[in-house]
Amino acid sequence: MKFNTVSNLDIVSDVRAPDVALYLHNSGWEKRQNSDRYYTYRIYLGDSWDEVFIPKSNTCSDYSERIIEAIDTIAKYQDKQALEILSDIILCNYSDSLQYRIDTRDGSGTIPINTFDRIIEAQKDISTYAYLDMSSYKPYHLSKKSGQKAIENMRVGQTSYGSYVVRFVYPYAASGQTSLFGEAAPNDPLMRQIVPKIMDASSCIVETAVDGLDSIPEKKEISFNYIDSFLSLRSDTGTPIEMKRIRSTPAKDGDPSDTVSITDSVFKRVAEIADGMRPKELSTAREFKGRIYAASDQGYDDSDPSKFRIEYFDEIGTSKAMFALEGRFREEALEAMKRRSIVSFGGTLRGFGRSKSIDEIADFRIV
């Protein structure tokens, strides 16, 4: 297993020994000894074991070296880089993190900015509805405010070179703890379960699609909102994507896979499953009000329609969809986008995730 050592002594000089000790405790290490100078922690893996020694005071001459040794040792038993472990210790974070890997197909280690924005927005909603499905499951959530509030401490971690990788961190600490920066660390127990929930729900969705089934098992408690958010991960180019759980504690025999691979063909089947779960009231004609944030290139003929993307207000906060306009209304839409004005119009919402579209546009106007 590859891991990068923390080579800069200054980085760890202000890390508090109790935070390292508590991280070890919450990561499955057992306290073995409590001498005047050191905390000693041991981890058992079958018939083997390993130990780390943490100086109790940063005034010890070898404090930084010992902390670095401990972090490097921990990295051997977790699927993380040493710097990621250091970040978790600083954040007082003992929960799993979630990683996406996108096959760039060109070896550049880069992705278009729009793809990054799509993953960020999709993951915010996926996390929100995973939390709501755990805390107060409903087949369809009318509001996502409590879920949004719960995940407001979600962070984006450092990336790795190669296929583009982005990591999402959900800080969780024991009650009453503060981070290295003196901030109160969140202690909502569900935050420690959100990555396992996301992995379990996403794996179930993919397996259901691959098996050709028409619906998600009810016992899984996966809402329509979650599946709709999951579909937002789909790219416009059919690029496959991989979700990976980065564990805060070592995996045990019999634990489920830590990886879910999602291809374009899977997304197509998931859309069909979502169609069967879609609440009837979402297909009715309604009024849309929001801001246009993107437009396609204008055609050669002024009468050619242009496609627009709008972020509109709804009962769960805001959502995004595509619609088309031509003639005078297209010109008004371009002007509204330029001025960031709110627009209003009637229409019928169709589709899921990034495939949402609004048809039968009527009464388009700038508010």
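A brief look at the structure comes next.

1. Points about helix H10 (residues 327–339)
Quick reminder: α-helices carry 3.6 residues per turn. Residues three or four places apart thus point the same way.
In step 1: Across its 13 residues, H10 extends 19 Å between first and last C-alpha, which sits within 8% of the 18 Å expected from 1.5 Å per residue.
In step 2: Taken residue by residue, H10 has Arg330, Ala333 and Ala336 as its buried positions. For H10, the angular spread of buried residues about the axis comes to 125°, placing them on one side. Away from its buried face, by an angle of more than 90 degrees, H10 presents the exposed residues Arg328, Lys338 and Arg339.
In step 3: Of the surrounding elements, those touching the buried residues of H10 are strand E9 (285–295), strand E10 (306–314), strand E11 (317–325), strand E12 (342–350) and strand E13 (357–366).
In step 4: Arginine 340, located one to two residues past H10, shows a positive phi value of around 55°.

2. Focus on the pairing of strand E2 (residues 38–45)
In step 1: Of all eight residues in E2, six are buried; the element is thus mostly enclosed.
In step 2: For E2 and strand E3 (residues 48–55), the ladder comprises eight bridges, and the chain directions are antiparallel. Paired with tyrosine 44 across the two strands is tryptophan 49, which belongs to E3.
In step 3: A loop of two residues connects E2 with E3, the two strands running antiparallel in sequence, and glycine 46 in this loop sits at a positive phi of about 70°.

3. Brief notes about the pattern of salt bridges
Pairing between side chains of opposite charge can happen when their charged atoms approach one another.
In step 1: Evaluation of the coordinates by the stated rule reveals 23 salt bridges.
In step 2: A salt bridge links lysine 144 to aspartate 125, with the shortest nitrogen-to-oxygen separation between them at 3.2 Å. Of this pair, lysine 144 sits in the loop between helix H5 (113–135) and helix H6 (145–150) while aspartate 125 sits in helix H5, and the two are 19 residues apart along the sequence.
In step 3: Close ionic contact of aspartate 264 with arginine 234 constitutes a salt bridge, the shortest N to O distance being 3.2 Å. Pair noted here: aspartate 264 is in helix H9 (residues 264–277) and arginine 234 is in the loop between helix H8 (224–231) and strand E7 (241–246), with a separation of 30 residues, a long-range link.

So, how was this worked out
Residues numbered from 1 in each chain as written. Predicted model: local features only at pLDDT ≥ 70, side-chain atom pairs only at ≥ 80, totals over all residues. Heavy atoms only, no water. Helix = DSSP H or I, 4+ residues; strand = E, 2+ residues; numbered from the N terminus. Expected span 1.5 Å × (residues − 1). Buried < 20%, exposed > 50% of the residue type's maximum accessible area, 1.4 Å probe, protein only. Arc of directions from axis to C-beta. Contact = heavy atoms within 4.5 Å. Pairing = 2+ DSSP bridges. Salt bridge = Lys/Arg side-chain N within 4 Å of Asp/Glu carboxyl O.

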